[in-house]
Amino acid sequence: MKKVFHKISAVCMAFVVMFTAMSFTLDAHYCGDTLVDFSIFQETETCGMEKMQMPESGKDSLSEKSCCSDEQLVVEGQDDLKTSFEQLTLEQQTFVASFVYSYINLFEGLDENIVLFKDYSPPYLIQDVQILHETYLI
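Calculation rules
- Residues numbered from 1 in each chain as written.
- Predicted model: local features only at pLDDT ≥ 70, side-chain atom pairs only at ≥ 80, totals over all residues.
- Heavy atoms only, no water.
- Helix = DSSP H or I, 4+ residues; strand = E, 2+ residues; numbered from the N terminus.
- Buried < 20%, exposed > 50% of the residue type's maximum accessible area, 1.4 Å probe, protein only.
- Contact = heavy atoms within 4.5 Å.
- Areas by Shrake-Rupley, 256 points an atom, 1.4 Å probe, with all protein chains shown as cover.
- Pairing = 2+ DSSP bridges.
- Axes fitted to C-alpha atoms, helices over the stretch in contact; angles between N-to-C directions.

Draft legend 1. Spatial organisation of the overall build of the protein chain. Each helix and strand counted, the protein chain has 4 helices and 3 strands in total. In sequence order, the protein chain lays out its α and β elements as α-β-β-α-β-α-α. For the protein chain, buried positions account for 5% of its 138 residues. The long-range fraction of contacts in the protein chain, counting pairs at least 24 apart against all pairs at least 6 apart in sequence, stands at 46%. Surface summary for the protein chain: the accessible area is close to 14000 Å², and the carbon and sulfur share equals 61%.

Draft legend 2. Fine view of the sheet that holds strand 2 (residues 34-39). Taken in spatial order, the 3 strands make up an open sheet running 2-1-3, and their pairing is antiparallel. Unpaired on one side and paired on the other, strand 2 and strand 3 (68-75) mark the two borders of the sheet. Averaged over all adjacent pairs, the angle separating strand axes in this sheet is 20°, with direction ignored. Sheet topology places strand 1 (residues 24-31) next to strand 2; 5 bridges connect them, and they run antiparallel. In the strand pairing of strand 2, Cys-31 is matched with Thr-34.

Draft legend 3. Representation of the pairing of strand 1. One ladder, built from 8 bridges, connects strand 1 with strand 3; its direction is antiparallel. Within the sheet, the bridge partner assigned to Leu-26 lies in strand 3 and is Leu-73. As consecutive antiparallel partners, strand 1 and strand 2 are separated by 2 residues, and within that stretch Gly-32 has a phi angle of approximately 75°, a positive value.

Below you can see the structure in the form of structure tokens.
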């Protein structure tokens, strides 16, 4: 059960990292105040109002504003996932140095195995204690 929980949590954390690092663009096309089309991965389709407007003979066609508008929302992903160890503060450097020192010294052992009771023999068994007290391990 514990292995399954660890695997599920690892997959969930991988998806969280992937979705925070991913960026996407949301395109929306409005005709007046009405949303006509929106798209995430491709360009939006227009409503066709741009083709229907004909320029008048006396006015410049570039000065007229269209009733349609396009909006684009860009969501940027996270780019700085890997932190640099060159920019550590003094407190962080002190913590890392003390952690490494204590971790290395944790596994240092004695130069030789010292057995304190090797010169002593065990006591003589006069009577079997389990049978004397009638205690049996089952």
